[in-house]
Amino acid sequence: MSLKVVKFGGSSLADARQFEKVAAIIRSEDDRRYVVPSAPGKRYDNDTKVTDLLYSLHKAAETGEGFEEIYARIVKRYNTIIADLGLSLDLGQELSTIRENILNGASRDYAASRGEYLSGIVLSNLLGYPFVDAADLIFFAENGDIDEERTYEAFYELTKRLDRAVIPGFYGRAADGSVKTFSRGGSDITGAIVARGVNAAIYENWTDVSGFLVTNPRIVERPRSIDVITFRELRELAYMGASVLHEDAVFPVKAANIPINIRNTNEPDHPGTLIVNNLRAASSSPITGIAGKRGFSIIHIEKDGMNKEVGFTRKALSVLEQHNISFEHLPSGIDTMGFIIQTDSLQGQGEAITREIGKAVNADEIELISGLALIAVVGRGMIRAKGTAARIFNAISRANINIRMIDQGSSEMNIIIGVDEYDFRSAVNAIYAEFFPQD
Ligand code: ASP
């Protein structure tokens, strides 16, 4: 038996038709026994997510404006889903309790959490699975972190009592007993905690894309999807701007060695992307993904004999520290060094800070260069493999693009390349075409 926890995002539960797809997916495998729903999301582009309606409702309760209208929209969303599913469920009592509580000053977190709470009741009714409130399973400590001991103990008790359940995403109980939500998109985290709590063999995260794509589809046309990626690779790519999964959703399952499978509710036969812990997992290509961002600057420093000068980097860094600026990369040569910094974080002070560093280290030359894009080429397949870097650089040079910076992490599975912002798209396309030629 391989127990599965299945989490469904807002677009998977946007209306009755989507709820039916979800129910069919769950029923198609008996191992899919613990279910974590989000609140109903957007049905079409300009639609409003139930969570956003609830935030507005909470605000309206404070300002006194538009409360009834927003409340009516929320009631209608759920009642339409229930009627279209042909359920005999009546949420009237629940809805009016929520209304009263919010009017009586219940917290913003409480209001937002009701989207998942009601979604959970509807789904439990549709499936015939018991409903278990997340506030009785997921506990936060005083400092806002998960109280792991209490939480996992509650899950242990749950598994003794119930072999299947619907547990709403996005919230738990704070140390003071009130309802507390995660940050936006946080049902992903709930799913990961549930997976760890019930000791699942796999955490299936159902969304509206068939897994992660090798690169951004707004840059490369129809990139292929990634079949297997490791947590480490994912972290590198997410950091550089690729996103599907809430960042914090990785920690609970990674620690317990539980793979995550990203799947598409609208294309249930597609295997999606499997995220695993094992760095040695087989990979069909030396690179797994390409991510990138515009908006970086380099502070480029030159000084003869810099390599021998004790404390040189510290002096330069202390200027950045005084201005509370973090840097992303620090490529260096014998007599040169560059700080790669997000341009935004310089807050228009770039030139002044550069001069200050120049003075602090007594530089021969110092220059601020902005308009840089960084591209991260990530792949466990390049660890100890020869020739990958050469292929990347050849591809870029064939596209007639000048490389401004290169940095390879010591993990050997990440090469960062800096190019001018206007070369960004063509550079990503050139790298993609080199490694995935027939696509
Ligand atoms: N419904 C919440 C949000 O919109 C949480 C989630 O969907 O994961 O952020």
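For the structure given in this document, a descriptive report is provided here. (Residues numbered from 1 in each chain as written. Predicted model: local features only at pLDDT ≥ 70, side-chain atom pairs only at ≥ 80, totals over all residues. Heavy atoms only, no water.)

What follows deals with the overall build of the protein. Counting secondary structure elements, the protein contains 13 helices and 14 strands. Considered along the principal axes of its C-alpha atoms, the protein spans approximately 80 × 50 × 40 Å. A buried classification covers 51% of the 439 residues belonging to the protein. Sequence-distant contacts in the protein: of pairs separated by 6 or more residues, those separated by 24 or more amount to 75%. Of the roughly 20,500 Å² of accessible surface on the protein, a fraction of 45% belongs to carbon and sulfur atoms. Charge-centre separation for the protein: the mean point of 48 positive side chains lies 3 Å from the mean point of 59 negative side chains. (Helix = DSSP H or I, 4+ residues; strand = E, 2+ residues; numbered from the N terminus. Buried < 20%, exposed > 50% of the residue type's maximum accessible area, 1.4 Å probe, protein only. Contact = heavy atoms within 4.5 Å. Areas by Shrake-Rupley, 256 points an atom, 1.4 Å probe, with all protein chains shown as cover. Lys, Arg positive; Asp, Glu negative; His and termini not counted. Charge placed at Lys NZ, Arg CZ, Asp CG, Glu CD.)

In this section: the nonpolar core. Val122, Phe155, Ile167 and Ile431 are the most contacted members of the largest nonpolar core, which has 120 residues in total. Contact partners of isoleucine 167, with chain neighbours within four places excluded, come to Tyr34, Val35, Val36, Pro37, Val132, Ala134, Leu137, Phe155, Leu158 and Val194. (Core = buried A, V, L, I, M, F, W, Y, C linked by side-chain atoms within 4.5 Å.)

Another point: helix α6 (residues 148-161). When the terminal C-alpha atoms of α6 are compared, their 20 Å separation across 14 residues agrees well with the 20 Å that a helix rising 1.5 Å per residue should span. Taken together, the buried positions of α6 are occupied by Thr151, Tyr152, Ala154, Phe155 and Leu158. Summarising the axial view, the buried residues of α6 lie within an arc of 150°, below the 170-degree limit, and thus occupy one face. Facing away from the buried side of α6, by more than 90 degrees, are the exposed residues Glu149, Lys160 and Arg161. In this fold, the buried residues of α6 make contact with β2 (32-37), α7 (187-197) and α9 (250-255). (Expected span 1.5 Å × (residues − 1). Arc of directions from axis to C-beta.)

Gaps left between atoms are located by rolling a probe of water-molecule size over the structure's atoms. Enumeration according to the criterion identifies one cavity of 30 Å³ or more in this entry. Considering only enclosed or pocket space, the largest cavity measures out at about 30 Å³ in volume. Leu54, Leu57, Tyr71, Ile74, Leu95, Ile98 and Leu118 are the residues that line the largest cavity. Those elements giving two or more residues to the lining of the largest cavity turn out to be α2 (50-63), α3 (67-85) and α4 (92-103). Of the residues that constitute the lining of the largest cavity, the class distribution is seven nonpolar, no polar and no charged. (1 Å grid on protein atoms, 1.4 Å probe; cavity = no way out; pocket = protein on both sides within 12 Å on 5 of 7 lines; lining within 4 Å. Points joined across faces, edges and corners; volume = space filled by probe spheres on them. Nonpolar A, V, L, I, M, F, W, Y, C, P; charged D, E, K, R; others polar.)

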